Amino acid sequence: MRWVKSSREIDMAATNFKTENNIFRKLIGNGLTYCIPRFQRDYSWTADEWEDLWLDLLGTLQPEGEPSHYMGYLVLQSADDKTFAVIDGQQRLTTLSIIILAILKNLQRQIDAKNDAEANQQRLQQIRQAYIGYLDPVTLVSRPKLTLNRNNNDYYQNYLVTLGHLPVRGFRSSEHLLRKAFEWFDKRVADYIKPSAGNEGMRLAQLAEDISDRLFFTVITVTDELNAYKVFETLNARGVRLSATDLLKNYLFSVLDRQGQNDHELRNLEDRWEAMVGRLGAESFPDFLRVHWNSRRSFARQAELFKTIRSRIDTREAVFQLLRDMEQDLDAYLALSSPEASDWPPDAKILASTLRTFNVRQPYPLLLAAKRQFNETDFIGLLRACVVISMRFNVIGSYSTAEQERTYNAVAERIAKVEITALGQALPVMSSIYPNDAAFRAAFAEKTIRTTLPRNNRVVRYILCALEKHLSGVELSFTSDSFNVEHVLPQRPQSGWDAFSDEEADALAYRLGNMTLLQSGVNKDLGNVAYGVKRPVYQDSQFAITRKIAEDNAEWTPERIGAHQSWMANQATSIWRIGQLG
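Residue numbers here run from 1 along each chain, matching the order of that chain's written sequence. In keeping with the model being predicted, local features are shown solely for residues with a pLDDT of at least 70 and side-chain atom pairs are shown and tallied solely at 80 or more, while totals for entire chains, interfaces and linings include all residues. Heavy atoms from the whole structure form the basis of all side-chain values; hydrogens and water molecules are not counted.

S.K.: Looking at this model, I keep getting lost on the overall build of the protein. Mind explaining?
M.R.: Helix and strand counts for the protein come out as 25 helices and ten strands. A compact globule built from 582 residues would reach a C-alpha radius of gyration of about 25 Å, whereas the protein, at 31 Å, exceeds it by more than 25%. Taken along the three principal axes of its C-alpha coordinates, the protein extends 100 × 60 × 45 Å. The buried label goes to any residue with under 20% of its type's maximum accessible area, the exposed label to any with over 50%, and the partly exposed label to all in between, with areas taken from a 1.4 Å probe on protein chains only. Expressed as a percentage of its 582 residues, the buried residues of the protein come to 53%. The contact criterion used is simple: two residues touch if any of their non-hydrogen atoms lie within 4.5 Å. Put simply, 72% of the contacts in the protein that link residues at least 6 apart link residues at least 24 apart. Carbon and sulfur atoms provide 46% of the accessible area of the protein, an area that totals close to 26,100 Å². Going along the chain from the N terminus, every DSSP run of H or I of four or more residues is numbered as a helix, and every run of E of two or more is numbered as a strand. Only C-alpha atoms enter the radius of gyration; for comparison, a globular chain is expected to reach 2.2 Å times N to the power 0.38, where N is the number of residues. Only the protein chains shown count as cover for residues, with accessible areas throughout obtained via the Shrake-Rupley method and a probe of 1.4 Å.

S.K.: Help me out: how do you make sense of the packing of aromatic side chains in this one?
M.R.: Any aromatic ring pair is given by two values, namely how distant the centres are and how the planes are angled relative to each other. Aromatic pairing here means that ring centres of Phe, Tyr or Trp (its six-membered ring) are within 6.5 Å. Orientation follows from the plane angle: under 30 degrees is stacked, over 60 is edge-to-face, and everything else is tilted. Applying the stated rule across the entire model yields 24 aromatic pairs. An angle of 45° between the planes, with centres 4.7 Å apart, marks the rings of Trp273 and Phe285 as tilted. One end of the pair, Trp273, is in helix 10 (residues 263-280); the other, Phe285, is in helix 11 (residues 285-294), and twelve residues separate them in sequence. Classification of Trp273 by relative accessible area gives buried; the value is 2%.

S.K.: What am I meant to see in the packing of helix 20 (residues 454-472) against helix 25 (residues 558-575) here?
M.R.: Each pair of packed helices can be described by the angle between their axes along with the distance between the axes. Lines are fitted to the C-alpha atoms to define the axes, a helix being fitted only along its stretch in contact, and any angle between axes, read from their N-to-C directions, falls within 0 to 180 degrees. The geometry of helix 20 relative to helix 25 is characterised by a closest axis approach of 10 Å and an angle of 80° between their N-to-C directions. If you check the angle between helix 20 and helix 25, you find them roughly perpendicular. Between helix 20 and helix 25, the contacting residues are Leu464, Ala466, Leu467, His470 and Leu471 on the first element and Trp567, Met568, Gln571, Ala572, Ser574 and Ile575 on the second. For this classification, under 35 degrees means roughly parallel, over 145 means roughly antiparallel, 65 to 115 means roughly perpendicular, and everything else is oblique.

S.K.: Help me understand the environment of Phe217 in this model?
M.R.: As for its position among the elements, Phe217 is in strand 8 (residues 215-222). The class of Phe217 is buried, set by a relative accessible area of 0%. For Phe217 and Ile98, which are 119 residues apart along the polypeptide, the C-alpha to C-alpha distance reads 18 Å.

S.K.: For this particular structure, what's the right way to read unusual backbone geometry?
M.R.: A negative phi angle is the norm for most residues apart from glycine, just as the trans form is the norm for most peptide bonds. In this structure, Asp81 is a non-glycine residue whose phi angle is positive, near 60°. Relative to the helices and strands, Asp81 resides in the loop between strand 3 (69-77) and strand 4 (83-88). Taking relative accessible area as the criterion, Asp81 reaches 40% and is therefore assigned partly exposed. Even without being glycine, Asn359 reaches a positive phi, approximately 60°. Following the sequence through the fold, Asn359 ends up in the loop between helix 14 (346-358) and helix 15 (364-373). A relative accessible area of 52% means that Asn359 is categorised as exposed.

S.K.: So what exactly am I meant to see when it comes to the side chain of Lys534 here?
M.R.: By the secondary structure assignment, Lys534 is in helix 23 (residues 531-539). Look at Lys534 and you get buried, because its relative accessible area is 0%. In contact with Lys534, not counting residues within four places along its chain, are Glu486, His487, Val488, Pro490, Leu526, Gly527 and Val529.

S.K.: So what exactly am I meant to see when it comes to the pattern of salt bridges here?
M.R.: Side chains bearing opposite charge may pair, as long as their charged atoms lie close to each other. By definition, a salt bridge exists where a carboxyl oxygen of Asp or Glu is found within 4 Å of a side-chain nitrogen of Lys or Arg. In this structure the tally under the stated criterion is 29 salt bridges. With its nearest N and O atoms 3.8 Å apart, the salt bridge here joins Arg123 to Asp116. By relative accessible area, which is 44% here, Asp116 ends up partly exposed. For Arg356, the salt bridge goes to Glu340, with nearest N and O atoms at 2.6 Å.

S.K.: I keep staring at the side chain of Gln565 and nothing clicks. Help me out?
M.R.: Looking at where Gln565 falls in the secondary structure, it is placed in helix 25. Looking at Gln565, its side chain comes within polar contact range of the main-chain oxygen of Phe444, at 2.8 Å. Apart from the residues lying within four places of it in its own chain, the contact partners of Gln565 are Phe444, Ala445, Glu446, Lys447, Arg511, Leu512 and Gly513. In the analysis that follows, any N or O atom pair within 3.5 Å is treated as a polar contact, provided that within protein one partner can donate a hydrogen and the other can accept it, and provided that, for residues neighboring in sequence, both atoms belong to side chains.

S.K.: Sorry if this is basic, but what is going on with the sheet that holds strand 7 (residues 146-147) here?
M.R.: Strands sit in the order 1-8-3-4-2-7 across an open sheet of six strands; the sheet is mixed. Each edge of the open sheet carries a strand with a single partner, namely strand 1 (18-23) and strand 7. At least two bridges found by DSSP between two strands are what make those strands a pair. One ladder, built from seven bridges, connects strand 3 with strand 8; its direction is parallel. Residue pairing for strand 8: Tyr70 is matched across the bridge by Phe216.

S.K.: Looking at this structure, how should I read the pairing of strand 4?
M.R.: For a regular strand, side chains alternate in direction, first toward one face of the sheet and then toward the other. For strand 4, the buried fraction is high: five of the six residues fall into the buried class. As paired strands, strand 2 (residues 33-35) and strand 4 are joined by three bridges and run parallel to one another. When the bridges of strand 4 are listed, Cys35 appears paired with Ala85. Strand direction decides the pairing type here: strand 3 and strand 4, joined by three bridges, are antiparallel. Bridged to Leu76 within strand 4 is Val86. Hairpin connection, strand 3 to strand 4: the antiparallel pair is bridged by five residues, and Asp81 has positive phi, about 60°.

What follows is the structure in structure tokens.
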């Protein structure tokens, strides 16, 4: 299920996070209260998530079902271990409280029908007090265990908690979802107790007890927003996606809130923030924020970003300046991430697509800075230089990117300060991450790229198409379906390849010198046949690099692969070269 996160051991000792597994009863009992931060996202679950949760819950109630169900991580913030802000997990906690309210509604119907009314009234009061909170019998004002955000809490407390009439006109979409969730679970609870008549109140109470005892969370409690952000980084690094976007948003809203800003400014910030998140997607937002930040300021690692923002963005003016700056950079970031949908010139689109093919993002802060300051010609020139450096440094050299990232950032910072205003000034500062011709040629001559991975296959197609253009002048789209990557020595050689030992075949099949281009149908027909059969087909190929293999090599041996790859390396050194850097 997409909303449940898998259980796993996480070492939090180094950062002093309190981590424990708790059943729902322990979470919600003992006088503890929970509040969803005012500016946390609204309730958003729909029938898909309700159905998933209900089926998982029913799975624990069957005679031979699971004894318990894991609800994933719950990240809380508290200074006193009595009142907790829900940093992550608000959708699940809210929905569980709605299920309890649906049980109470069904109990209320039993009371109204005079069905064991006195006992059911006691059950209703006890369940309410244990899981929902105290309801004043005179005013019907609740003292809740769970408080929702500023957009949802009024509807939740005034209509759902009181078990009264549920109005449907004039409310936000998230409030309608709260109402629909209640109605959905109300019907499911009623259906659950139908099959056997009698003892309805007892069975409803037992359902509440089962929910509280059979659902459990991994609860991580922190003391402040900075520790909460570290939790997000730690868990996200282990493949558990939590909403760091919400945490960052809540911090910015809290800056405005504590300075007593009016609702108009809060709504303005919220609308503009959500518009950006909507264009990016929530999971991409932290990546964009870091690229944006590093395009204007000193380098910040992802793990330091929240701390850095909190130290720098602490006034109303700073919040709105950050917002304006992010809006300014968003189009350029989206164009780098999805070039085809951008309005950039064709050359810029092709170069940005190449960076994406390489899966290289380290130049993004530099490119955002240059997009703001450089003229179009210099920006496209810098984009081309980043492609060349990425080919030499990342794709072929496979060097560590830590130094590269800091170098790009240093240039970006100088562009942001208007110390560098043109391409000719930027390139010399990047020389440390530009492997020289000798280093690139040597690395290329030995490079192996396993084309069994789709991304690697695209990279090899790109390289071979560039070599073809350099040799014949014919420009090919490396994404075309009309040709494939041909492995001269097959990936799974059979008879006719006695020149290669098993070890050599494994080591050389994915060497760049063993790969070329061939029309799709021809490539499929050749299969694993011997080189002597392949050579005449290569001689008739439409691709110059493929004909060259046939012309230069009467046989195909480990030595010939090395020789051909050395030739390729010499061509590559001329293709991917920045003249100003030598």
